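# Structural description and commentary
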Amino acid sequence: MYDYDLLVVGSANADLVIGVERRPGAGETVLGSDLAVHPGGKGANQAAAAARLGARTALLARVGDDGHGRLLLDSQRAAGVDTVGVLVGGAPTGVALIQVDPSGDNSIVVSPGANGRLTPADVRAAGGLFHASRVVSAQLEIPLETVVEVVRSLAPGSRFVLNPSPPLPLPAEVLAACDPLIVNEHEAKVILGGAATGDSPEEWAELLLARGPRSVVVTLGGEGALVASADGVARVPSVKVRAVDTTGAGDAFTAALAWRLGAGEPLAQAAAYAARVGAVTVTREGAQVSFPTAAEVAAL
Ligand code: RIB
């Protein structure tokens, strides 16, 4: 019935990555490694991760008519993503400046570039992709008004998954469409705004559910994740690995979760699989270049 298991609507960035012994504080200069340029961006990452796992995947995004845009298109095609929805031009391709420390943790600054020009009109013009997709996922490196249009464009019966990163307070219309809303601690607190946020992931999840999403997933890094819906709350254990670079692990988690949910798996089971995908991802450098195949996940 559907041509695509997953349609990702979101950003595509060239990741300019420098390894550092220590991420600098305000006013500080540190020396780092040689510069590496990788295909990234939370939207393009999700699409590449899903396709690498075997999901029939399409990406709706905007890149510049430049070398970074071509790098991203090549990476999507190599992963098996249908790029019919990738628009070219209007501004330079988005860029992410990334520092990675020896623990694998990173700091990221994004210049949205063309991502900021992905408009509600672009979403409306891609109606055929929405009708052909079982699950639609998005993030917040594109304008919020564009994400609102994504929610309005969902075909009857399709499922919407949102990772609100970088986080913003969300309109009720967007929150109500999420199934699930996927957040880390920081994102949960921003979405909950000035309200009492509680001390535990269980409390964050319950407070978020009260805002309208049909389900919530709280990612807890090395502690795994927590899933919450009308069926109850459950912890999903992490998979212990030695992290080299966590860049893109959250995107791979979201993509895997969205794909498995579309395949009919219960939330906790899909999240457990997604945790394994994220675990493989952090053992390798870079974002899209680190995403595993289904066989590599099975071998973990
Ligand atoms: O989530 C990781 C991604 O965040 C990077 O690939 C970078 O492009 C930023 O968008």
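Overview of the structure. From a predicted model like this one, the values you see are computed outputs, not experimental measurements.

## Describing the side chain of asparagine 13
Structurally, asparagine 13 can be placed in strand β2 (residues 13-19). Take asparagine 13: its relative accessible area is 1%, and that puts it in the buried class. Looking at asparagine 13, its side chain comes within polar contact range of the side chain of glutamate 141, at 3.4 Å. In this structure asparagine 13 touches His38, Pro39, Gly40, Gly41, Leu72, Gly94, Val95, Ala96, Val110, Asn115 and Glu141, once residues within four positions along its chain are discounted.

## Overview of the packing of helix α1 (residues 42-53) against helix α9 (residues 249-262)
Relative orientation of the contacting elements α1 and α9 amounts to 50°, with a least axis distance of 8 Å. In terms of axis orientation, α1 runs oblique to α9. Once α1 is placed against α9, the crossing between them reads as right-handed. Only Asp251, Ala252, Thr254, Ala255, Ala256 and Trp259 of α9 make contact with α1, whose side of the interface consists of Lys42, Asn45, Gln46, Ala49, Ala50 and Leu53. Looking at side-chain class alone, the contact of α1 with α9 contains 7 nonpolar, 3 polar and 2 charged residues.

## Considerations on empty space enclosed by the protein
The final tally for this structure, using the stated rule, is 1 cavity of 30 Å³ or more. Counting residues per element, the ones that place at least two in the lining of the largest cavity are β4 (57-63) and α2 (67-79). The biggest single contributor to the lining of the largest cavity is α2, with 3 residues. Among the residues making up the lining of the largest cavity, the classes are represented as 7 nonpolar, 1 polar and no charged.

## A look at the pattern of salt bridges
Tallied over the entire structure, the rule returns 12 salt bridges. A salt bridge links arginine 23 to aspartate 101; its shortest N-O distance comes to 3.2 Å. Of this pair, arginine 23 sits in the loop between β2 and β3 (36-40) while aspartate 101 sits in the loop between β6 (94-100) and β7 (106-111), and the two are 78 residues apart along the sequence. Given the relative accessible area of 13%, aspartate 101 is considered buried. A salt bridge links arginine 62 to aspartate 122; its shortest N-O distance comes to 3.2 Å. Taken as a pair, arginine 62 in strand β4 and aspartate 122 in helix α3 (residues 120-125) lie far apart in primary sequence, 60 residues in all. Each of the two residues, arginine 62 as well as aspartate 122, counts as buried.

## As for unusual backbone geometry
Here the residue pair serine 165 and proline 166 is connected by a cis peptide bond, since its omega of -5° sits within 30 degrees of zero. If you trace the backbone, proline 166 turns up in the loop between β9 (159-162) and α6 (172-177). A cis amide bond, omega 10°, links aspartate 179 with the succeeding residue proline 180. Locating proline 180 in the fold gives a position in strand β10 (residues 178-183).

## Notes on the nonpolar core
One finds Leu53, Leu59, Val217, Phe253, Leu257, Tyr273 and Val277 to be the most contacted residues of the largest nonpolar core, which totals 43 residues. Secondary-structure elements contributing two or more residues to this core are β1 (4-9), α1, β4, α2, β12 (225-229), α9 and α10 (267-282). Leaving out residues up to four positions away in the same chain, valine 277 has contacts with Leu53, Ala252, Ala256, Pro292 and Val297. Core analysis: the second largest hydrophobic core is formed by 39 residues, Tyr4, Ala138, Ile142 and Val150 among them.

## Brief notes about the sheet that holds β9
Read across the sheet, 9 strands follow the order β5-β4-β1-β8-β9-β10-β11-β12-β13 without closing on themselves; strand pairing throughout is mixed. At either end of the open sheet lies a strand with only one pairing partner, and these are β5 (86-88) and β13 (232-236). Sheet twist, expressed as the mean angle between neighbouring strand axes with direction ignored, is 15°. In this structure, β4 lies alongside β5, joined through 3 bridges in parallel fashion. The residue of β5 that forms the bridge with arginine 62 is leucine 87. In the packing of α9 onto the sheet, contacts are made with β1, β8 (133-138), β9, β10, β11 (215-219) and β12, and the angle to β10 comes to roughly 160°. Lying over the sheet, α10 contacts β10, β11, β12 and β13, oriented at roughly 160° with respect to β12.

## What to know about the layout of surface pockets
There is about 1,300 Å³ of room inside the largest pocket. In terms of lining residues, the largest pocket is bounded by 50 residues, among which Asn184, Thr219, Thr246, Ala249 and Gly250 are the most central. Elements with a contribution of two residues or more to the lining of the largest pocket: β2, α1, β6, β7, β10, α7 (185-192), α9 and α10. Counted by class, the lining of the largest pocket contains 20 nonpolar, 21 polar and 9 charged residues.

Conventions we followed
- Residues numbered from 1 in each chain as written.
- Predicted model: local features only at pLDDT ≥ 70, side-chain atom pairs only at ≥ 80, totals over all residues.
- Heavy atoms only, no water.
- Helix = DSSP H or I, 4+ residues; strand = E, 2+ residues; numbered from the N terminus.
- Buried < 20%, exposed > 50% of the residue type's maximum accessible area, 1.4 Å probe, protein only.
- Polar contact = N/O pair within 3.5 Å; in protein donor to acceptor, adjacent residues only side chain to side chain.
- Contact = heavy atoms within 4.5 Å.
- Axes fitted to C-alpha atoms, helices over the stretch in contact; angles between N-to-C directions.
- Parallel < 35°, antiparallel > 145°, perpendicular 65-115°, else oblique.
- Left-handed = near helix turned anticlockwise from the far one by under 90°.
- Nonpolar A, V, L, I, M, F, W, Y, C, P; charged D, E, K, R; others polar.
- 1 Å grid on protein atoms, 1.4 Å probe; cavity = no way out; pocket = protein on both sides within 12 Å on 5 of 7 lines; lining within 4 Å.
- Points joined across faces, edges and corners; volume = space filled by probe spheres on them.
- Salt bridge = Lys/Arg side-chain N within 4 Å of Asp/Glu carboxyl O.
- Core = buried A, V, L, I, M, F, W, Y, C linked by side-chain atoms within 4.5 Å.
- Pairing = 2+ DSSP bridges.

Distances and angles like these do not, on their own, reveal function.
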